[in-house]
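An overview of the molecular structure
So the chains spell out like this:
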Amino acid sequence: MNVLAVGAHWDDIEIGCGLTLQRLMSRGAKVYGAVLTESDYEVVIDSHKRLKSTALKEGKKAFEKLGVIHLETTPLPNQKMSYNQKVMQELEDIVREKSIDLVFTHWFGDHNTDHVATWEISRVAFRRVPNVLQYQSNSYFDNIKVFTPQFFWGFTKEEYRVKEDFLSVHQTEWNYRKDRWQREIFDRERFWGYLCGHDYAEAFMITRLVDSNKIGFYQAGE
């Protein structure tokens, strides 16, 4: 199986589906990753800055730790993304050239506008991919669009500890967001684990799922 994970920023993929990608690789899948922006930004009030060079260096290191093969696309402006025909076609080319069977991409209802733009590009680029799943990389919430998990990958406490290891490779963000990520990501995925009978879980919404037996996903309760 050939798998492609797409994220707007360096660290989105690791947050949303990093352990799942490792599980798929352990079952023989070849996993590729594409990050659509250079991921630089600044929060003046907190005196926090992430440089393009730092994001790239830490991101590639995290991919290497995960075993994900990085595929470059034309970089889009961080925090200013919109639908881009050129990048859409680049992703479509990747699907064809790498014979992609399964895609992970951002959830359509995310509040982060870069994440939503990534989804809009993805839904066109991956229209012929048989299996497309959406992940949640943050926990912004309203009652208009609600992330409703439909498929889960479950993990033991021991397996889940690895997630902290590869997220901490993004040292700039880890130092800035560690306490937030504990509640926003780790506690959320502990709850998802409870829902499906595991210690922790990564969860997904389905865009399209044609061959769940090939993928090896299991619905909650099975």
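One can find the structure itself at the top, above this paragraph.
A short tour of the structure in this document, coming up. Per chain, residues are indexed from 1 in the order of the written sequence. Reporting in this predicted model follows two pLDDT cut-offs: at least 70 for local features of residues, and 80 or more for side-chain atom pairs to be given and counted; totals over whole chains, interfaces and linings ignore these cut-offs and use all residues. Processing note: side-chain calculations cover all non-hydrogen atoms of the structure and skip hydrogens and water entirely.

Attention now goes to the overall build of the chain. In this description a helix means any DSSP run of H or I spanning at least four residues, a strand means any run of E spanning at least two, and both kinds are numbered starting from the N terminus. Summing up its helical and strand segments, the chain has seven helices and nine strands in all. The size measure is the radius of gyration over C-alpha atoms, and the globule rule it meets is 2.2 Å times the number of residues to the 0.38 power. The globule rule puts the C-alpha radius of gyration for 222 residues at 17 Å, and the 16 Å found for the chain is close to it. When the backbone C-alpha atoms are referred to their principal axes, the chain occupies close to 50 × 40 × 35 Å. Here's how the labels work: a residue is buried when its accessible area is under 20% of the maximum for its type, exposed when over 50%, partly exposed in between, all with a 1.4 Å probe on protein chains only. Looking at the 222 residues of the chain, the share that counts as buried comes to 52%. Here a residue-residue contact requires only that any non-hydrogen atoms of the pair lie within 4.5 Å. The contacts of the chain with a sequence gap of at least 6 include a subset with a gap of at least 24, amounting to 82%. Note on areas: Shrake-Rupley, 1.4 Å probe, and residue coverage restricted to the protein chains presented here. Accessible surface for the chain amounts to roughly 10,900 Å². Of this, 46% is attributable to carbon and sulfur atoms. Neither His nor the chain ends is counted toward charge; the positive residues are Lys and Arg and the negative residues Asp and Glu. A charge is said to be at NZ when it belongs to Lys, at CZ for Arg, at CG for Asp and at CD for Glu. The chain carries 29 positive and 32 negative side-chain charges, and their two centres are separated by 2 Å.

With that settled, consider the sheet that holds strand β2 (residues 30-35). Taken in spatial order, the seven strands make up an open sheet running β5-β2-β1-β6-β7-β9-β8, and their pairing is mixed. One side of each edge strand has no neighbouring strand; the edge strands of this open sheet are β5 (69-70) and β8 (151-155). For two strands to be treated as a pair, DSSP must find at least two bridges joining them. Here β2 pairs with β5 via two bridges, running parallel. Looking at β5, one finds that Tyr32 is bridged to Ile69.

Two aromatic rings from Phe, Tyr or Trp, using only the six-membered ring of Trp, form a pair when their centres are within 6.5 Å; if the ring planes differ by under 30 degrees the pair is stacked, by over 60 it is edge-to-face, and anything between is tilted. Counted according to the given criterion, the structure contains 10 aromatic pairs. Ring centres 6.1 Å apart and planes at 55° place the aromatic pair Trp174 and Trp181 in the tilted group. Taken individually, Trp174 and Trp181 each receive the classification buried, so the pair is uniform in this respect. Site record: aromatic cluster; members linked through ring pairs are Trp107, Phe108, Trp119, Phe147 and Trp192.

Here the focus is the pattern of salt bridges. Definition used for salt bridges: Asp or Glu carboxyl oxygen within 4 Å of a side-chain nitrogen of Lys or Arg. By the definition in use, this model includes 13 salt bridges. Here Arg127 ties to Glu92 by a salt bridge, and the two come within 2.7 Å at their closest N and O atoms. With a gap of 35 residues between them, Arg127 in the loop between α4 (113-125) and β7 (131-135) and Glu92 in helix α3 (residues 85-98) connect regions that are remote in the sequence. Its relative accessible area of 39% is what places Arg127 among the partly exposed residues. Owing to a relative accessible area of 18%, Glu92 belongs among the buried residues under this scheme. Each member of the salt-bridge network shares a partner with another, and the members are Lys163, Arg188, Glu189 and Glu202.

To continue, consider unusual backbone geometry. Of note, Asp11 is a non-glycine position whose phi angle comes to about 110°, a positive value. Summarising the element assignment, Asp11 is placed in the loop between β1 (2-7) and α1 (12-26). The class of Asp11 is buried, set by a relative accessible area of 6%.

Moving on: the pairing of strand β6 (residues 102-106). Of all five residues that make up β6, five are buried, and the element is covered over most of its length. Direction of pairing for β1 relative to β6: parallel, over a ladder of three bridges. Along β6, the bridge assignment pairs Ala5 with Phe104. With five bridges connecting them, β6 and β7 associate as parallel partners. Opposite Phe104, over in β7, you have Leu133 as the bridge partner. On the question of chirality, the crossover connecting β6 to the parallel β7 by way of α4 is right-handed. Clockwise travel from the first strand over the helix to the second, with the strands pointing away from the viewer, marks a crossover as right-handed.

No statement about biological role is implied by the geometric values presented.
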